[in-house]
Amino acid sequence: MEWAEIRTLARDGVSQREIARRLGINRRTIARAVASDTPPRYVRAPAGSQLDPLMGVIERVLVEWPEIKAPRLTEMLRDEHGYQGSVDLVRRKLSSLRPREERAAQRTGYRPGQVVQFDWGEMPTRPRIGGVERRVYALVASLPFCGAQTAHFSFDMTIESFLEGHVRVFDWLGGVPRECVYDNLRSAVAKRDSRQVVRWNPRFLHLRGHYAFHSTACTPQTPREKGSVEGAVRYLKTGFWPARRFQTLGELDQVYGDWRDRVAHRRRHATRQFIVSDRLVEDRAGLRPLPPTSFDFSLCRTVRVPTDGYLRHGACFYRAPVELVHQRVELHASRDEVWVCWRGQELVRYPRSYRPGLWIPEPRMRPEPPPPPAILVAAGTTQIEVPELAHYAELCA
């Protein structure tokens, strides 16, 4: 405050002698304050560190072992050079000598219909469905050009749920993007070798060839390469999921679809200040058309029909036609339905159940045993009078 007052009076043309008289400060202090562009502050002289005499040793060790950790280096300094300080002091010194290399991020622009980013997300809570608390997963798709999003919910993260989510996303969009971006999901990336060469999942390649789009796998441990879907997953967990009520996944789809169209896509984009639904129209116009046939994403396995005709899938039992007992059929399953095919022809289809131990349809119940036959009294017969107990007493006497 005194430094600011001195410079103000000096700027007003007051002499340094008069300033010293008014403020009661030595004239030499007034001269230093007028000549200084920054306020005075106390700077303590550096006291040094316990590691200063050992810097030569530390540098030699780093030349031989560049990746040595602080605990091991501390142990060496204590045993060989009498160091008495803490391991935190050594850790801070190592961080200054070999700073972490940070890769700069680059903001990327997108064209309409160019990219869709996919990622799985587990919902924060476990709702009770069918009397059982279950984990709910969402395959979230985000369009970075317009900021729109959609999601496919399931109870697992299998390859079938992954493929079904793609089919539903493309159907909702009404077209196919030119490129899809993924994290290193096992459903898409089967393996990545030491040279960062990606080997894709065979069933995912079937989907990719059917819809004819390019695929890109992000660099491991670099989530910012798909920042749009990362933000969409956070928005889904915080903006949609809390305090939602539903009984089935189909009902959850309806609740989410209403929220997505009424809330999420009517918001104003935080970065570029446009309405998401208006930009989504332009994004859809840049998509490629859908193929004429839909992709078969269902689980398919060949099973032999047992004697009772019930096929097991997901802890539930579904009945095949009894005419196919001891024959091999194809059991197909999606998130919502289970159906049985034989020689390429669909025979029966059921809604899928997630309640363990349920038989669809219910087995035929064993009939109750017949009731005992009723005693019939013939018409015109003589009624027999039962004697009193007193008559028996007289007879015995």
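Refer to the structure printed above.
Residues numbered from 1 in each chain as written. Predicted model: local features only at pLDDT ≥ 70, side-chain atom pairs only at ≥ 80, totals over all residues. Heavy atoms only, no water.

## Examining the pairing of strand β15 (residues 345-351)
Consecutive side chains along a regular strand alternate between the two faces of the sheet.
(1) Moving on: Across six bridges, strand β14 (residues 337-342) lies against β15 in antiparallel orientation. The residue of β15 that forms the bridge with Cys341 is Glu346. (Pairing = 2+ DSSP bridges. Helix = DSSP H or I, 4+ residues; strand = E, 2+ residues; numbered from the N terminus.)

## Comments concerning the pattern of salt bridges
(1) Moving on: On inspection of all chains with the given rule, the structure shows 19 salt bridges.
(2) Moving on: A salt bridge links Arg168 to Glu164; the nearest nitrogen and oxygen atoms lie 3.0 Å apart. Here Glu164 and Arg168 lie together in helix α7 (residues 159-173), a separation of four residues that amounts to about one turn.
(3) Moving on: On the accessibility criterion, Arg168 (32% relative accessible area) is partly exposed.
(4) Moving on: Relative accessible area serves as the criterion here: at 3%, Glu164 is assigned to the buried category.
(5) Moving on: The salt bridge involving Asp183 is made with Lys226; its shortest N-O contact spans 3.7 Å. Here Asp183, found in the loop between β6 (179-182) and β7 (189-192), pairs with Lys226, found in the loop between β9 (214-217) and α9 (227-240); they are 43 residues apart in sequence, far enough to count as distant.
(6) Moving on: On the basis of relative accessibility, which here comes to 26%, the residue Asp183 falls in the partly exposed class. (Salt bridge = Lys/Arg side-chain N within 4 Å of Asp/Glu carboxyl O. Buried < 20%, exposed > 50% of the residue type's maximum accessible area, 1.4 Å probe, protein only.)

## A short note on the nonpolar core
(1) Moving on: Judged by nonpolar contacts, the single largest core of 34 residues is most densely connected at Phe118, Phe162, Tyr182, Phe204, Leu207, Tyr211 and Phe213.
(2) Moving on: Residue assignment for this core shows that the elements contributing at least two residues are β1 (115-122), β4 (137-143), α7, β6, α8 (202-211) and α11 (276-285).
(3) Moving on: Tallying contributions element by element places α7 first for this core, with seven residues.
(4) Moving on: Excluding its chain neighbours within four sequence positions, the residues that come into contact with Phe213 are Phe170, Val176, Pro177, Arg178, Cys180, Tyr182, Phe204, Leu207 and Arg208.
(5) Moving on: By size, the runner-up hydrophobic cluster in this structure holds 20 residues, among which are Met123, Val136, Phe155 and Ala232. (Core = buried A, V, L, I, M, F, W, Y, C linked by side-chain atoms within 4.5 Å. Contact = heavy atoms within 4.5 Å.)

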